[in-house]
Amino acid sequence: RVGGSADPGWVGGARGRMAGLLRYFFFAIAALLVLHNVYYWPAQTQPTAAHRFASVAVPSAQAAGTATMASAATVGATGVPSEAYAGETGAYVHRPSVVVSSCLPKPAGVRLTRPLKLLPLALGECAPGAPERLCAAARLVFRSGTVLVVPVSEGTLDEWAEFAAGAHAAGATNLLVLAVTKPGSSEADSAALVAQVRSHAAVGEVVAWSADLVVAPIGGSNAIITSGLDESIPLLGGSAVFDAALHLLRAGVSVILADVGVAFRADPTAHLWHDHDMEAHAALPGPERRGTVVSLVDNSMGWSRFAQSLAVSNLAPDFLALAPTAEAAALILRLARTLRGAPSLATVRLAKNAPTPAMALEYALTAEALTPSHDSWRSVGASVRLLSNKCFSTARGRGETALVAHALPAGMRGRVRAIASAREGGGLPLLSSIPSNEHRTGTENYNLLLDSKAHDATPAVVISQCAAELPHAVPDMREAQLAEDERLEAAGEPRRSRPLNFIVPAHAEFPPKAACEMQGLQSLCDILRNVAGSRREALVAVSNKNIFFMLQLYIDGVKRAKVPNALVVALDDETGAWLKERNFPYYVKKLTARGGSTDNHATSGLKFRLLQEFLSLGCSVLLSDVDIAWMRDPFPALYGDSDVEGMTDGYDDVSAYGAPGSGAIGGGKSAFRIFARNSGMFYIAATNESLRMMERMAHRMATENVWDQTAYNEEQFYLSTNTHQGLGLSQRVMNYLCFLNTKVLFKYIREEPLLYPDAYTPIGAHVNYHPEKEMRMADISKLYHGGVPNALERWNAGEGMRPNPADGSCSGKVGMGRADE
């Protein structure tokens, strides 16, 4: 109809019919939801009835096991039993889990962080040292490569009944229950507890397990958490449960560890990503969950008073998903030993910081999983993914004094109230409830980290003269490190670190001719043959024509330090010609920063594009800014056991290497804190993981207005989540007394008689904290190369120079205090 304003009648009728259809559709959806809640969630609508249903679901664990033994016997060969609990009236029938679209794992097209090297499945026969009863039970409940392990004690039987009802309703058929008895309990006590567990809810398989069971004799008496059973702590204290998990991981089985306080609404196995060594829940909500950059202000430094640190939530131990990898097994073994008092990184830092035993377990898990390698301590290199808070979210309303043992209020009435609240719009999660930590999110003074003064490593640095314990520069050291790892694993010890995934294998040609030709990098390959040689590594700086005076100081230091494998990447022809005149190795690569700027920060961001070329050819790089004074050849002081080994802006053991817990960082937040690593000095191994990081960094520098050091730290530190894919890098922090920042040099070393002026010679000093770069570089060289003992005395700890005391004071200057006058 043309020219009229009224709608024709048939249009209005169609609209009415459409509105009616929509109303019927929504009514139908609402009815389906009501029916779903009645029939699929007995654990939450009628807990007592669900308890009774779960108690008769499997009349006898042994009977159900007998019915499925034939199918389970093929687990070792096929990986998945052909049928589970079939053909038995009243048996445990798997119901389809509720699948929420936002909780579906790993969207199509997501690139894997690091391909996991899974241990071979060997559940058909128990591994040496593994109890047969554990293996037999695992064979019966093994589903889709995974076993769900929950520890139960005499004091948590009621919570177990509720847990079992929820797990049954959610369709979690792979449940293995550890009936954990107190240390020294008799076999009769264990049998009685097993019977009680089955009488409360005969779901899954039940195994008697002792809290004092150990994998191997362990020394040490100052345990953070007693090796006995503690019902106030998640996973009953952890150590006994970790023993069981270790056996299963070594048998090639994926393990989910769940505290009895976790409430399931769906089978968790189907909602994991399965691409990291461990998937865990964050103890904190908000930006600290994945990781965040936290600024600090040290006014005593003046020009460089602003600094960066990083914070990430502690990992909650209530729910852990572990892949069957050597790294996950090593992590769990370390935790079990730490909790029994074996000397470790955690025992040193946690004893005085953890306010409760429950938080000590949280601290231990976080410290072992997130602390980067440093000095003789090596991270096992386990990659960590944070579970989606949309799927695995936190229960609300926990009391401030409550320990993190149970996810929902204990007892049936408490659970009913929580479920009723959720149905009225509360926060019941989509998959499971993890204890709330809101009582630990108080106001935090981030600057309290500046007060940390832990220098435990000082004597060792002086004795070793900064030599690495196992320097990778020693011939055949990589092979020796691998052999050492094999020996440790054979002895049941944690491995040193994750093996590196090199782009060019050790036995292959270097540089690889095919890659040189394909990428058009023949000129770089020719240089690397001469400079990097058989070591396949080089000290590399990037410079342009704007800073020739500083560049001269830099190459003078490199020559005096007798570094044999150094070169400079020239960003313009003038710099190339300048280096050629001085007979210093160089490679010309003309690049332009985003926006066309040629200043220091813009030029610094270009190095990531350049490093892609070096790494793709199999050449590892010690990247150096030109405001670094090198005193010694750095390569013998490098460990070479991580993808990235970087200098820190920190100044003591806690700031440089990190620590979990409020006792170390000031305030109430349950977070791991560490100072930023400096993007002006780092050793990057020629691995696939490192190359992926350089690709991502180069893209960010070209498309984002971000400081390169901020992005550099984010890519290393941030954990994987459902919205951020981490890189799975193994990381090491260089010793802050060997690879110096100038805050350490001028504020600490210069005032410490054990270190200054001639007790030891550092490897290098990055003049990153002070604006008088060239002058301080020259004086550092005078001290360590020229032997002038008072060469540094004219400088303040912060910016500026100390006056002659006879000439008066300059205490009014920013960064000046009486100690600096």
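Note that the structure is predicted; figures quoted are calculated from it, not measured.

A. Up close: the overall build of the protein chain. A tally of regular secondary structure across the protein chain gives 27 helices and 23 strands. Here the protein chain holds 821 residues, and the buried ones make up 58% of them. If you sum the accessible surface of the protein chain, you get close to 32,400 Å²; carbon and sulfur atoms cover 55% of it.

B. Representation of empty space enclosed by the protein. All chains considered together, the criterion is met by four cavities of 30 Å³ or more. One number sums up the size of the largest cavity: a volume of about 350 Å³. Only α12 (357–370) and α25 (708–717) provide two or more residues apiece to the lining of the largest cavity. Its residues assigned to classes, the lining of the largest cavity comprises ten nonpolar, 13 polar and two charged.

C. Examining the nonpolar core more closely. With 69 residues, the main nonpolar core has Tyr-554, Trp-630 and Ile-749 as its most contacted residues. For this core, the element with the highest residue contribution is helix α18 (residues 548–560), accounting for five residues. Here Trp-630 is in contact with Leu-539, Tyr-554, Gly-557, Val-558, Ala-561, Leu-622, Ser-624, Met-681, Phe-739, Ile-763, Gly-764 and His-785, once residues within four sequence places are set aside. Ranked by size, the runner-up nonpolar core spans 60 residues in total, among them Val-180, Val-241, Leu-246 and Val-255.

D. Main features of a nonpolar patch on the surface. A surface patch of nonpolar side chains, amounting to about 300 Å² of accessible area, comprises Met-18, Leu-21 and Leu-22. Considering the arrangement of structural elements, one finds Met-18 in helix α1 (residues 9–40).

E. Examining the pattern of salt bridges more closely. Counted under the stated rule, the structure contains 26 salt bridges. Measuring nitrogen to oxygen at the nearest pair gives 3.6 Å for the salt bridge that ties Asp-708 to Lys-607. With Asp-708 in helix α25 and Lys-607 in helix α21 (residues 607–616), this residue pair connects regions lying 101 residues apart in the sequence. A relative accessible area of 2% places Asp-708 in the buried class.

F. Seen up close, the sheet that holds strand β2 (residues 175–181). Sheet architecture is open: seven strands sit in the order β3-β2-β1-β4-β8-β5-β9, paired in mixed fashion. Of all strands in the sheet, those with a lone pairing partner are β3 (205–210) and β9 (384–386), marking the two edges. Along the sheet, successive strands turn relative to each other by an average axial angle of 30°, direction set aside. In this structure, strand β4 (residues 254–258) lies alongside strand β8 (residues 315–322), joined through four bridges in antiparallel fashion. Residue pairing in the sheet places Ala-258 in a bridge with Phe-319 of β8. The sheet contacts of helix α8 (residues 187–200) involve β1 (146–152), β2 and β3, and relative to β2 the element is tilted by about 140°. Packing of helix α9 (residues 239–250) onto the sheet brings it into contact with β1, β2, β3, β4 and β8, and relative to β4 it is tilted by some 165°.

G. Inspection of α21 at higher detail. With eight of ten residues buried, α21 is to be regarded as a mostly interior element. For α21, every residue scored as buried is listed here: Lys-607, Phe-608, Leu-610, Leu-611, Glu-613, Phe-614, Leu-615 and Ser-616. Just downstream of α21, Gly-618 is the residue with a positive phi angle, here 85°.

H. Examining the side chain of His-770 more closely. In this fold, His-770 is placed in the loop between β23 (764–766) and α27 (773–784). Here the side chain of His-770 touches Arg-776 through a polar contact of 3.4 Å, side chain to side chain. There is a polar contact of 2.7 Å between the side chain of His-770 and the backbone oxygen of Ala-797. With sequence-adjacent residues up to four places away left out, His-770 is seen in contact with Met-301, Trp-303, Thr-742, Lys-743, Phe-746, Arg-776, Asn-796, Ala-797, Gly-798 and Glu-799.

I. Looking closely at the packing of aromatic side chains. What the rule picks out here adds up to nine aromatic pairs. Between the NZ or CZ atom of Arg-385 and the centre of the ring of Trp-273, over which it lies, the distance is 3.8 Å. Between Arg-535 and the ring centre of Phe-635, over which it is positioned, the NZ or CZ distance is 5.1 Å.

J. Region of the structure containing the pairing of strand β5 (residues 278–282). Burial analysis of β5 places five of its five residues in the buried class, which makes it a mostly covered element. Bridge analysis of β5 against β8 gives five bridges, and the strand direction is antiparallel. Note on β8: the bridge partner recorded for Ala-280 is Leu-320.

K. Seen up close, the packing of α9 against helix α10 (residues 326–339). Running from N to C, α9 and α10 cross one another at 160°; their axes reach a closest spacing of 9 Å. As far as their axial angle goes, α10 and α9 are roughly antiparallel. You can see that α9 and α10 cross each other, and the crossing is left-handed. Facing Ser-239, Phe-242, Asp-243, Ala-245, Leu-246, Leu-249 and Arg-250 of α9, the residues of α10 in contact are Ala-328, Ala-329, Ile-332, Leu-333, Leu-335, Ala-336 and Leu-339.

L. Structural view of unusual backbone geometry. Here the bond from Phe-510 into Pro-511 is cis, since omega is -15°, no more than 30 degrees from zero. Mapped onto the secondary structure, Pro-511 falls in the loop between α15 (477–490) and α16 (513–518). With omega at 10°, the peptide bond leading from Tyr-756 into Pro-757 counts as cis. Residue placement: Pro-757 occurs in the loop between α26 (742–747) and β23. The phi torsion at Gln-465 lies on the positive side, around 55°, for a residue other than glycine. Tracing the backbone through its elements, the reader meets Gln-465 in the loop between α14 (458–464) and α15. Residue Arg-536 is not a glycine yet carries a positive backbone phi of 60°.

Conventions adopted
Residues numbered from 1 in each chain as written. Predicted model: local features only at pLDDT ≥ 70, side-chain atom pairs only at ≥ 80, totals over all residues. Heavy atoms only, no water. Helix = DSSP H or I, 4+ residues; strand = E, 2+ residues; numbered from the N terminus. Buried < 20%, exposed > 50% of the residue type's maximum accessible area, 1.4 Å probe, protein only. Areas by Shrake-Rupley, 256 points an atom, 1.4 Å probe, with all protein chains shown as cover. 1 Å grid on protein atoms, 1.4 Å probe; cavity = no way out; pocket = protein on both sides within 12 Å on 5 of 7 lines; lining within 4 Å. Points joined across faces, edges and corners; volume = space filled by probe spheres on them. Nonpolar A, V, L, I, M, F, W, Y, C, P; charged D, E, K, R; others polar. Core = buried A, V, L, I, M, F, W, Y, C linked by side-chain atoms within 4.5 Å. Contact = heavy atoms within 4.5 Å. Patch = residues over 30% accessible without salt bridge, like charges linked within 9 Å, V, L, I, M, F, W, Y side chains within 5 Å. Salt bridge = Lys/Arg side-chain N within 4 Å of Asp/Glu carboxyl O. Pairing = 2+ DSSP bridges. Axes fitted to C-alpha atoms, helices over the stretch in contact; angles between N-to-C directions. Polar contact = N/O pair within 3.5 Å; in protein donor to acceptor, adjacent residues only side chain to side chain. Phe/Tyr/Trp six-rings, centres within 6.5 Å; stacked < 30°, edge-to-face > 60°. Lys NZ or Arg CZ within 6 Å of the ring centre and 35° of its normal. Parallel < 35°, antiparallel > 145°, perpendicular 65-115°, else oblique. Left-handed = near helix turned anticlockwise from the far one by under 90°.

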